[in-house]
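Structure at a glance
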Amino acid sequence: QVQLVESGGGLVQAGGSLRLSCAASGRTFSNYEMGWFRQAPGKEREFVAAIRWSGGTTRYANSVQGRFTISRDNAKNTVYLQMNSLKPEDTAVYYCAAGPLVVTYERANYWGQGTQVTVSS
């Protein structure tokens, strides 16, 4: 049974930092891309960042480029999202996802349950 379990969300003031974790289990993800998406109230789920499990190539949404960093720990089967210089508009439920080769909302095979991030002004 494949599981993606997120943790690390919470309440932080604007300008602060949080680190999200996504622990993956149940299969090997060597040909997968792992990603983070977010969904704010009343808005569609949007792409945030992604990393290739093999090779570590990363990509980011323009809105978080330079502030967020995605990384992985192969030994722990865990993907991280380091979020710095947080803004109120970053407030959302953050989801971990996995998809073959490239992870998009449409192509993701697996999703986590989500973790709430709230940034106060």
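It should be noted that the structure appears before, not after, this text.
The residue count restarts for each chain, going from 1 along the sequence in the order it is written. Per-residue local features of the predicted model are confined to residues with pLDDT of at least 70, and side-chain atom pairs are confined, for both listing and counting, to 80 or more; whole-chain, interface and lining totals are unaffected and use all residues. Values shown for side chains rest on all heavy atoms present in the structure; no hydrogens or waters enter the calculation.

Time to look at the sheet that holds strand 8 (residues 78-83). With antiparallel pairing, four strands are arranged side by side in an open sheet as 1-3-8-7. Since the sheet does not close on itself, it has two edges, and those belong to strand 1 (3-7) and strand 7 (68-73), each with one partner. The sheet shows a mean angle of 15 degrees between the axes of neighbouring strands, taken without regard to direction. Strand direction decides the pairing type here: strand 1 and strand 3 (residues 18-25), joined by five bridges, are antiparallel. Residue pairing across strands places Val 5 opposite Ala 23, the latter belonging to strand 3. Should DSSP find at least two bridges between two strands, the strands are regarded as paired. Numbering goes from the N terminus for both helices and strands, where a helix is a DSSP run of H or I of at least four residues and a strand is a run of E of at least two. A fitted line through C-alpha atoms represents every axis, and for helices the fit uses only the stretch in contact; the resulting angles, taken between N-to-C directions, go from 0 to 180 degrees.

The subject of this paragraph is the environment of Val 48. Relative to the elements of secondary structure, Val 48 occurs in strand 5 (residues 46-52). Separated by 60 residues in the primary sequence, Val 48 and Ala 108 place their C-alpha atoms 14 Å from one another. Residue contacts for Val 48: discarding those within four places in its chain leaves Trp 36, Phe 37, Arg 38, Tyr 60, Ala 61, Val 64, Phe 68, Leu 81 and Tyr 94. Throughout, a contact is declared for two residues whenever any of their heavy atoms are within 4.5 Å.

Its place among the elements puts Val 2 in the segment before strand 1. The cut-offs for exposure are 20% and 50% of the maximum accessible area for each residue type, with area from a 1.4 Å probe on protein chains only; residues under the lower value are buried, those over the upper are exposed, and the others partly exposed. We classify Val 2 as partly exposed; its relative accessible area is 25%. Counting along the chain gives 110 residues from Val 2 to Gly 112, while the straight-line C-alpha distance between them is 9.9 Å. If near-sequence neighbours (up to four positions away) are discounted, Val 2 is found in contact with Ser 25, Gly 26, Arg 27, Phe 29 and Tyr 110.

Inspection of the secondary structure assignment puts Gly 56 in the loop between strand 5 and strand 6 (58-60). Owing to a relative accessible area of 18%, Gly 56 belongs among the buried residues under this scheme. With 64 residues separating them along the chain, Gly 56 and Ser 120 place their C-alpha atoms 32 Å apart. With residues near it in sequence (within four places) discarded, Gly 56 still touches Ile 51 and Arg 72.

By themselves these figures say nothing about function.
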